[in-house]
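Chains, contacts and geometry: an overview
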Amino acid sequence: MTRQRIFSGIQPSGNLHIGNYLGAIQQFVGLQETTDAIFCIVDLHAITVPQDPEELRKKTLEVAMIYLACGIDPKKSIMFVQSHNHDHAELAWILNTLTPLGELERMTQFKEKRQSAEKRRGVLSGLLNYPTLMAADILLYQTDVVPVGEDQKQHVELTRSIAERFNNRFGDTFMLPKEMLNKSAERIMGLDDPSKKMSKSAKSANNYIALLDSPDEILRKIKTAMTDSGSEIRFDKKAKSAVSNLLAVYHAFSKESIKNLENRYAGKGYAEFKKDLGEIIIAKLEPIQNRFRELEKNSDEVMKIIREGAERSGAISQKTLSEVKQKIGLIA
Ligand code: AQP
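The paragraphs below set out a description of the structure included in this document. Small disclaimer: the values here were computed from a predicted structure and weren't measured. (Residues numbered from 1 in each chain as written. Predicted model: local features only at pLDDT ≥ 70, side-chain atom pairs only at ≥ 80, totals over all residues. Heavy atoms only, no water.)

In the region of the ligand, 24 residues are neighbours, and Lys 113, Asp 151, Ser 199, Lys 200 and Ser 201 sit closest. Gln 152 is positioned such that a nitrogen or oxygen atom in its side chain is 3.0 Å from an oxygen atom of the ligand. Of all the secondary structure elements, the ones that give two or more residues to the shell around the ligand are β1 (5-10), α1 (18-31) and α6 (108-119). Among the elements that make up the shell around the ligand, the one with the highest residue count is α1 (four residues). Broken down by class, the residue content of the shell around the ligand amounts to six nonpolar, twelve polar and six charged. (Near = heavy atom within 4 Å. Polar contact = N/O pair within 3.5 Å; in protein donor to acceptor, adjacent residues only side chain to side chain. Helix = DSSP H or I, 4+ residues; strand = E, 2+ residues; numbered from the N terminus. Nonpolar A, V, L, I, M, F, W, Y, C, P; charged D, E, K, R; others polar.)

Below, the discussion takes up α1. Under the 1.5 Å per step criterion, the end-to-end length of α1 is 18 Å for 14 residues, consistent within 8% with the ideal 20 Å. The sharpest bend along α1 measures roughly 40° and falls at Ala 24. In terms of burial, α1 is largely enclosed, as eleven of its 14 residues are buried. Taken together, the buried positions of α1 are occupied by Ile 18, Gly 19, Asn 20, Tyr 21, Leu 22, Gly 23, Ala 24, Ile 25, Gln 27, Phe 28 and Leu 31. (Expected span 1.5 Å × (residues − 1). Bend = angle between axes of the 7 residues up to and from the residue. Buried < 20%, exposed > 50% of the residue type's maximum accessible area, 1.4 Å probe, protein only.)

Below, the discussion takes up unusual backbone geometry. A positive phi is found at Gln 142, a non-glycine position, where the angle reads about 50°. When you line up the elements, Gln 142 lands in the loop between α8 (130-139) and β4 (145-147). What makes Gln 142 partly exposed here is its relative accessible area of 24%. For Lys 255, which is not glycine, the phi torsion reads 70° and is therefore positive. Along the chain, Lys 255 falls in the loop between α11 (241-254) and α12 (258-264).

Moving on: the state of the cysteines. Under the criterion given, the structure shown has zero disulfides. Not part of a disulfide, Cys 40 finds its nearest cysteine sulfur in Cys 70, a span of 16 Å. Under the relative-accessibility criterion, Cys 40 is labelled buried at 0%. (Disulfide = S-S within 2.5 Å.)

Shown next as structure tokens:
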């Protein structure tokens, strides 16, 4: 039986946090054992909002090191930087010419990011076209499954309709991909605002626990994380959204059931619960941080891995792109 192809990406747009880890990277590590896995550092997506070039260079290499430190193994998967494989930008342009404006304007992420962009420098058309670039990323590899957090589900659905439209118009070309969510951590919410998802572009670093935060920083952020009225530690997303989010994080890291956690902390205050949670996060992140520090000393080796990854990804994407170009009438 042929292995399923999976593809996913992360933007080098800020400090990777436990939402990115639990919602995405942790799944990637397991999936590389049983699937044909491709992981991308989507730098072309990261420039759809105002960015600092020096920071982008630094963060791109940092995401590569975090992938490796979390357990992505280049012998089992392909790992590369999006802009190193030009097929992504080329297919994205072609897909843009086939995607109605209204479909892009309806995307929740665009609507949310547009609001903060408007306050700063105005909305860039790249932000609107983000989902067609993401569709190109996925469709170039004839991807079966896209492991993502819940916030990206709508973009995978759009990818499917773009692929269907292309297949109907030009004949069967693209696989129709499906999203795969990590049910226990599909949407980790912000520590300072449990009504919005944890996000690396949040205004305050108190919104998230970065994968590279120090133990002191982690304890401080958990200690100051929002809680709800009443001291009960109970999972109830509506009435106790902040505590429910902390319980979800606790469960995702410890694998202990929410019911067990509720029983264990019955009659105890937030302070003890938060202290234990902080310590669990520190213990889970410690080996990742240690491996990251080792990789930092070997950045040439990391560059070699991503360059080889770009070549290996290009060998696959080239086949799809050539077929697309031929089908839409571009001459070779
Ligand atoms: N809060 C979250 N809970 C669960 N999963 C999440 N992901 C992001 N935030 C959460 C998943 O992480 C992967 C990488 O995300 P991305 O870099 O493509 O950008 P994003 O989805 O827009 O995530 P951020 O952290 O909010 O970044 P910024 O602030 O730069 O936009 C995706 O699979 C995502 O679903």
